[in-house]
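# Topology and contacts: notes
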Amino acid sequence: LVHVHPDPDELGRVFVPDLAIAATLTETAAALRALEPLEPRWRDWTAAARAEYEANLVHEPMEGAVDLGEIQAFLRSRLPGDAVQTCGAGNFTVWAHRFAEFTQFGTQACPRSGSMGYGLPAAVAAQLVHPERVVVCFTGDGDFVMSSPELATAVQYRLPIVVLLIDNGMYATIRMHQERTYPRRVIGTDLENPDFPALAQAYGAHGERVERTEDFEGAFERALASGEPSVLELPVDPERISPRVKLSDLRGVT
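Now for a quick tour of the structure.

Strands sit in the order 4-3-5-6-8-7 across an open sheet of six strands; the sheet is parallel. A single partner strand is all that each edge strand has here, and the edge strands are strand 4 (108-109) and strand 7 (206-209). In the sheet, strand 7 pairs with strand 8 (residues 230-235) via four bridges, with the strands oriented parallel. When the bridges of strand 8 are listed, Gly 207 appears paired with Val 231. With respect to the sheet, helix 5 (residues 119-129) is in contact with strand 3 (84-87), strand 4, strand 5 (135-140) and strand 6 (162-167), its orientation differing from that of strand 5 by roughly 175°.

Here it is, written out as structure tokens:
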């Protein structure tokens, strides 16, 4: 394990590296560029790493009428390479981080600190800076309501961001910890949500509720064609909180 970080205090804080290097990424990249790679040594490793990466993009079918894995597969083929994808914080982000593909720098904006409510204002900022690019925000229901008034800003400046709102009716990350640590003692994590498409329309944005995977493509194209800020609500099974975790798997665990 080689750990490179400009702050020496960060080196080895989580894992003990075999080689710790205090340097900036620019300095490191310049030094690596000057090296002559041992091609036979790395060829098998890079091929295996690529195969593992591609296998990771294959998802197991998701319960319910809306399959987020299938939606991500569509977005991988539909979004241009310079599209900007933003996220807030919550278990829903696992779908975006695992199944999205990025081929250029400057195409993902997500909070390192786990700050909820980040995705929508980040999308607004990205669209202001790059008006010619497609900007997609991935957000959850709990995440979205923390910064939903930013839709007014998007409407005011006619910013055609597309918000994909994953609605499972709860603060799923907090609920996951409650179910795991205090089974049958959950509190304060169920949400009474508004009609999200109606809320978007009240702001003057485009809003739709997509209740089946096969309806997503048409809804997404309508959102792009509207030229306005758009919110596409994706109701999902509240039991499925990440690609590999279900709430029922956590209940009763002590």
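More follows now that the structure is in view.
Let us look at a nonpolar patch on the surface. On the surface, Leu 1, Val 14 and Phe 15 cluster together to form a nonpolar patch covering roughly 370 Å² of accessible area. You can see Phe 15 is positioned in the loop between strand 1 (2-5) and strand 2 (19-22). Owing to a relative accessible area of 60%, Phe 15 belongs among the exposed residues under this scheme.

What follows deals with helix 5. One turn of an α-helix holds 3.6 residues; hence residues three or four places apart share an orientation. Turning to helix 5, its buried residues number three or more, namely Gly 119, Leu 120, Ala 122, Ala 123, Val 124, Ala 126 and Gln 127. In this fold, the buried residues of helix 5 make contact with strand 3, strand 4, strand 5, helix 6 (141-145), helix 7 (150-156) and strand 6.

Moving on, we get to the pattern of salt bridges. Any two side chains of opposite charge can pair if their charged atoms end up close together. Summed over the entire model, instances satisfying the criterion amount to 11 salt bridges. Between Arg 158 and Glu 228 there is a salt bridge, and its shortest N-O distance comes to 2.9 Å. Separated by 70 residues along the polypeptide, Arg 158 in the loop between helix 7 and strand 6 and Glu 228 in the loop between helix 10 (216-226) and strand 8 bring together distant segments of the chain.

It is worth spelling out the packing of aromatic side chains at this point. Taken as a whole, this structure holds five aromatic pairs when the rule is applied. Taken together, the ring pairs connect Phe 74, Phe 216 and Phe 220 into an aromatic cluster.

On to the nonpolar core, then. If you look at the biggest cluster of nonpolar residues, it comprises 26 residues, and the most contacted ones within it are Leu 68, Leu 75, Leu 164, Phe 216, Phe 220, Leu 232 and Leu 234. Of all the secondary-structure elements, those providing two or more residues to this core are helix 3 (68-78), helix 4 (93-99), strand 5, strand 6, helix 10 and strand 8. Once residues within four sequence positions are removed from consideration, Leu 234 is found in contact with Val 66, Leu 68, Ile 71, Leu 164, Leu 165, Ile 166, Asp 167, Val 210 and Phe 216. Judged by nonpolar contacts, the second largest core, of 19 residues, contains Val 124, Ala 126, Leu 151 and Ala 200.

Another aspect to go through is the side chain of Asp 143. With respect to the helices, strands and loops of the structure, Asp 143 is situated in helix 6. Here Asp 143 is buried and forms no salt bridge, its nearest opposite-charge partner Arg 112 lying at an N-O distance of 16 Å. Not counting the four nearest positions on each side in its chain, Asp 143 is found in contact with Gly 88, Ala 89, Phe 92, Met 116, Gly 117 and Tyr 118.

Our focus in this paragraph is empty space enclosed by the protein. Summed over the entire model, instances satisfying the criterion amount to four cavities of 30 Å³ or more. If you add up the space inside the largest cavity, you get close to 70 Å³. Around the largest cavity, the lining residues are Leu 68, Ile 71, Gln 72, Leu 75, Phe 92, Trp 95, Ala 96, Phe 138, Leu 164, Ile 166 and Leu 234. Looking at the lining of the largest cavity, the elements with two or more residues in it are helix 3, helix 4 and strand 6. Tallied by class, residues from the lining of the largest cavity come to 10 nonpolar, one polar and no charged. Its boundaries defined by the atoms lining it, the second largest cavity holds a volume of some 50 Å³. Taken together, Met 62, Leu 68, Asn 91, Phe 92, Trp 95, Ile 166, Asn 168, Val 236, Arg 240 and Ile 241 form the lining of the second largest cavity. Split into classes, the residues belonging to the lining of the second largest cavity amount to seven nonpolar, two polar and one charged.

Definitions and cut-offs
Residues numbered from 1 in each chain as written. Predicted model: local features only at pLDDT ≥ 70, side-chain atom pairs only at ≥ 80, totals over all residues. Heavy atoms only, no water. Pairing = 2+ DSSP bridges. Helix = DSSP H or I, 4+ residues; strand = E, 2+ residues; numbered from the N terminus. Contact = heavy atoms within 4.5 Å. Axes fitted to C-alpha atoms, helices over the stretch in contact; angles between N-to-C directions. Patch = residues over 30% accessible without salt bridge, like charges linked within 9 Å, V, L, I, M, F, W, Y side chains within 5 Å. Areas by Shrake-Rupley, 256 points an atom, 1.4 Å probe, with all protein chains shown as cover. Salt bridge = Lys/Arg side-chain N within 4 Å of Asp/Glu carboxyl O. Buried < 20%, exposed > 50% of the residue type's maximum accessible area, 1.4 Å probe, protein only. Phe/Tyr/Trp six-rings, centres within 6.5 Å; stacked < 30°, edge-to-face > 60°. Core = buried A, V, L, I, M, F, W, Y, C linked by side-chain atoms within 4.5 Å. Lys, Arg positive; Asp, Glu negative; His and termini not counted. 1 Å grid on protein atoms, 1.4 Å probe; cavity = no way out; pocket = protein on both sides within 12 Å on 5 of 7 lines; lining within 4 Å. Points joined across faces, edges and corners; volume = space filled by probe spheres on them. Nonpolar A, V, L, I, M, F, W, Y, C, P; charged D, E, K, R; others polar.

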